[in-house]
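# A closer look at the structure
Take a look at the letters that make up each chain.
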Amino acid sequence: MGHEHHHSHHHHHHGDGTGRVLTWGLGLTLAFVALEVFFGWRAGSLALLSDAGHNFTDALALALAGFGVYVQAKPANERKTYGYQRAGVLAAFVNALTLLLVSGFIFWESYARLRHPQAVQEYTMMWVAAVGLAVNGSIVWGLHGRKEHDLNVRAAWIHMLGDAMGSAGIVVGAIVIRYTGWTRVDPILSVAIGALIIWTAWGIIRESLNILLEALPAGMNLGEVSGEMRKVEGVIEVHDLHIWTLGLNNHALSCHVLVEDQPHSSSEAILQRVNALLHRQFSIHHTTIQFEHNPCALSESGCSMDGTNCCN
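Residues numbered from 1 in each chain as written. Predicted model: local features only at pLDDT ≥ 70, side-chain atom pairs only at ≥ 80, totals over all residues. Heavy atoms only, no water.

### A word on unusual backbone geometry
Phi at E214 is positive, roughly 55°, even though this residue is not glycine. Inspection of the secondary structure puts E214 in the loop between α6 (185-212) and α7 (222-230). A positive phi angle, close to 50°, is found at D240, a residue other than glycine. (Helix = DSSP H or I, 4+ residues; strand = E, 2+ residues; numbered from the N terminus.)

See the structure below:
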């Protein structure tokens, strides 16, 4: 049985000023949190204080995202052979967990306020929330074009979008209180903000866990990848196929490929065709492919994860 190992590496970097956008976004958010806490306390508005809590976690999200962007850019070394690409994913996961804790506190306070309504200063609520809408909206706009390249940046972007929506809701709630006097709108808005926090956090938790557990990348089908590889000229069979995400939307693949017994120069041409297909159709830029020159006696289920049905 003959074996040949082939490796393909294509590195992509996004030096597009993301760190700078995250830095000014962090400064704006922290300044607004201080403003919201001060006037939320004075106005007696639980919605403003809840939104301040959400904004503070968003400041944490921006700080973690900035840290992730910095660390992910560090080159690989002898100990971290893949570099630090997972740092941003881990930061996104931690950030999402903090949001779940904040939402639990918001629900508890909202329950107490619904049982015992308190007067609020709706005018203060309105203008502070309007400032928040402007701040969060500007950060959402600044991160919009950068969120597709990095789960961690997208987590921060979703947080800021959720805060912009929360600020808009508070403005509407303040108007309702102003003209109806119904103060329970304030804790009801807080519940809505808490639900929004959970909704935004859950998607990030699910996707970051998928990457940390080295599961198949979202939207990718293992059978489809294998089937397309079999269509490449010179490929007879593909097995022991594994695909995972390294970080920064950078996918990796390893597999065994059965080809006819032939000179190395001919198998190199097959490798180039396989890699071109994987780059073009599936955005897989890091591959480790082992060529085999004799048929494997595969079971009906193919190669098992422990390799007991594979030719090695």
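### What about the pattern of salt bridges?
Counting across every chain of the model gives three salt bridges. With a closest N to O distance of 3.4 Å, D186 and R113 form a salt bridge. In this pair, D186 is assigned in helix α6 and R113 in helix α3 (residues 87-115), connecting sequence segments 73 residues apart. For the pair formed by D186 and R113, the shared burial category is buried. For E237, the salt bridge goes to R230, with nearest N and O atoms at 2.9 Å. Taking the relative accessible area as the measure of exposure, R230 reaches 35% and is therefore partly exposed. (Salt bridge = Lys/Arg side-chain N within 4 Å of Asp/Glu carboxyl O. Buried < 20%, exposed > 50% of the residue type's maximum accessible area, 1.4 Å probe, protein only.)

### Considering the packing of α7 against helix α8 (residues 264-282)
Describing two packed helices takes the angle between their axes plus the distance from one axis to the other. At their nearest, the axes of α7 and α8 sit 10 Å apart, and the two run at 140° to each other. Accordingly, the angle class assigned to the pair α7 and α8 is oblique. Here α7 and α8 pass one another in a crossing that is right-handed. Together, E224, V225, E228 and M229 of α7 and V274, L277, L278, Q281 and F282 of α8 make up the contact between the two elements. (Axes fitted to C-alpha atoms, helices over the stretch in contact; angles between N-to-C directions. Parallel < 35°, antiparallel > 145°, perpendicular 65-115°, else oblique. Left-handed = near helix turned anticlockwise from the far one by under 90°. Contact = heavy atoms within 4.5 Å.)

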